Amino acid sequence: MRGPPIHVTCDCGSERDLRYGEKWTCEQCGKRWNTEQIPADEYRDLILDLRRLRYGALLAALCAVAIVLPLAYFVNLAFLFLGPMFLALGAILLGPFWKRRARRVVAERPRWELHPE
């Protein structure tokens with residue numbers, strides 16, 4: 001399952017970012033950590049929520065292109081040069097809102113407590 005990295009902190013203070021399903025043996029104390037202790041359905045729901053946000057941003061960009069291309073073709077070719085400016089303006093103005101929303105989605109998810117094997 002490909003998703004956001006899972007931050008694991010060992011009891012000795014060593015830290016590592018792992019993917020779901022990865023196992024890690026701490027170099028300092030030798031404890032083994034397994035990210036498969038996280039329920040697969042909860043992690044899959046997190047991935048789906050983040051993917052939904054990403055597709056929303058892509059849909060907004062495609063809508064902007066769908067508006068600018070017909071204008072450039074039927075009205076004036078100069079509208080074609082406004083397309084990148086609209087996309088950049090949208091990224092600058094709406095990007096922080098999408099990021100904030102993504103952080104909120106991640107923060108609302110339950111925290112998982114892993115135990116060494």
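Residues numbered from 1 in each chain as written. Predicted model: local features only at pLDDT ≥ 70, side-chain atom pairs only at ≥ 80, totals over all residues. Heavy atoms only, no water.

Q: Residue-level account of the layout of surface pockets, with values.
A: Of the voids in this model, the largest pocket is the one considered here, and its volume is about 530 Å³. Pro-5, Ile-6, His-7, Arg-111 and Trp-112 are the residues nearest the centre of the largest pocket, which is lined by 19 residues in total. Here the element with the most residues in the lining of the largest pocket is strand S1 (residues 6-9); it accounts for four residues. When grouped by side-chain class, the residues that make up the lining of the largest pocket number 13 nonpolar, two polar and four charged. (1 Å grid on protein atoms, 1.4 Å probe; cavity = no way out; pocket = protein on both sides within 12 Å on 5 of 7 lines; lining within 4 Å. Points joined across faces, edges and corners; volume = space filled by probe spheres on them. Helix = DSSP H or I, 4+ residues; strand = E, 2+ residues; numbered from the N terminus. Nonpolar A, V, L, I, M, F, W, Y, C, P; charged D, E, K, R; others polar.)

Q: How would you explain the packing of aromatic side chains if you had to name every residue and give the values?
A: For the structure on display, the rule yields three aromatic pairs. Taking the centre distance of 4.9 Å and the plane angle of 15° together, the rings of Tyr-20 and Tyr-43 count as stacked. Highlighted residues: Tyr-20 in the loop between strand S2 (15-18) and strand S3 (23-25) and Tyr-43 in helix H1 (residues 40-74), separated in sequence by 23 residues. Residue classification places Tyr-20 among the buried positions, given a relative accessible area of 16%. The buried category is assigned to Tyr-43, whose relative accessible area is 1%. For the pair Tyr-73 and Phe-74, a centre-to-centre distance of 4.9 Å together with 85° between the ring planes defines the contact as edge-to-face. Under the relative-accessibility criterion, Tyr-73 is labelled exposed at 67%. Taking relative accessible area as the criterion, Phe-74 reaches 66% and is therefore assigned exposed. (Phe/Tyr/Trp six-rings, centres within 6.5 Å; stacked < 30°, edge-to-face > 60°. Buried < 20%, exposed > 50% of the residue type's maximum accessible area, 1.4 Å probe, protein only.)

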